[in-house]
Structure formats: structure tokens, C-alpha cells
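Listed below, chain by chain, are the residues.
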Amino acid sequence: MTTWNLQDMQKHVLICNGSSCMRKGGEEVTQAIRKEITTRELDRYIHTSRTRCNGRCKDACVVIVYPDAVWYEGIDVDSAKELVHSHLENNQILKSKVIYERTQTGMSLKNNRVKGIEKEKQEAKKEEVL
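Heads up: these notes are all about the structure in this document. (Residues numbered from 1 in each chain as written. Predicted model: local features only at pLDDT ≥ 70, side-chain atom pairs only at ≥ 80, totals over all residues. Heavy atoms only, no water.)

With that settled, the discussion passes to the overall build of the protein chain. When you go through the protein chain residue by residue, the secondary structure sums to 4 helices and 6 strands. In the protein chain, the succession of α and β elements from N to C terminus is β-α-α-β-β-β-α-β-β-α. Taken over the C-alpha atoms alone, the protein chain extends approximately 50 × 35 × 30 Å along its principal axes. Counting the 130 residues in the protein chain, one finds 38% classified as buried. Only carbon and sulfur atoms are counted for the fraction: they give 48% of the accessible area of the protein chain, which is about 8600 Å². In the protein chain, 22 side chains carry a positive charge and 19 a negative one; their mean positions are 3 Å apart. (Helix = DSSP H or I, 4+ residues; strand = E, 2+ residues; numbered from the N terminus. Buried < 20%, exposed > 50% of the residue type's maximum accessible area, 1.4 Å probe, protein only. Areas by Shrake-Rupley, 256 points an atom, 1.4 Å probe, with all protein chains shown as cover. Lys, Arg positive; Asp, Glu negative; His and termini not counted. Charge placed at Lys NZ, Arg CZ, Asp CG, Glu CD.)

Take a look at the structure:
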């Protein structure tokens, strides 16, 4: 396994490669983001990681940018390139594709996206089964 030197890294891009995202082009999105980063000579500053499911399957294909804590939905090859140019290169969030972004008090749901299941309810169901 490769060990990257991340000293100059400014942003970490998490690209969902869970099953729902893969059905919606996750592999192509991963490759498009990585190619665009290389084309724009941002490799030194932007690190990418494939993830498993991030729990937002209805929003596939999901891409998350940290440390900004911006979650994107419905990313395809074209919007992947736009995301690299806009957010990663110019620090301009791609507002039309945002699911969540960080606020002073936590995360804020955007663009009328589905809120999802509360985690504590899921935990209670698990305990009932036990």
C-alpha cells in the first residue's frame, strides 16, 4: 500500500463507492475527479479517498469535501469536473449540489433533500432486537 506525503494537503475528497453510488457512476466520478485534479495540477493539495456507503444512498453519487464539511449529491462526470474547478481550485461551493454544509451549530440540510432516519431511532431498534 502506498503511503502518501500529505504535508501540503489542503482538502480531502471522499468519494462514495458504496453500491448505490456505484450504480450511479461512482467509478466514473472517482476517475473524473482524480483526472481533473491532475489536469489542474492540484495533486499536491487535494487528496482523494474512495469510501464505502456514507448513508445517503438516495443522493447518489455522494462526494464529501473536508475540512469544509460539504456533502454533495448527484455528482456525475460533468459535475465532478465542475466541483474540482469551482470548490477544490477556487473555494467556491457548488451550491446546487449541496446536501449538507457546516454551520456554527452543526450540519445544515440544503436543497430540500431528504432528512433521513434519526440515528438514535436506529440504535433503539437494534437494542430491541438484542
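Along the polypeptide, Glu 28 turns up in helix 2 (residues 26-39). For Glu 28, a relative accessible area of 47% puts it in the partly exposed group.

This next bit is on the pairing of strand 5 (residues 98-103). Pairing analysis gives 2 bridges linking strand 4 (residues 70-72) to strand 5, with the strands arranged antiparallel. From the neighbouring strand, Trp 71 faces strand 5, where its bridge partner is Tyr 100. Alignment of strand 5 against strand 6 (residues 106-109), held across 4 bridges, turns out to be antiparallel. Residue pairing across strands places Arg 102 opposite Met 107, the latter belonging to strand 6. (Pairing = 2+ DSSP bridges.)

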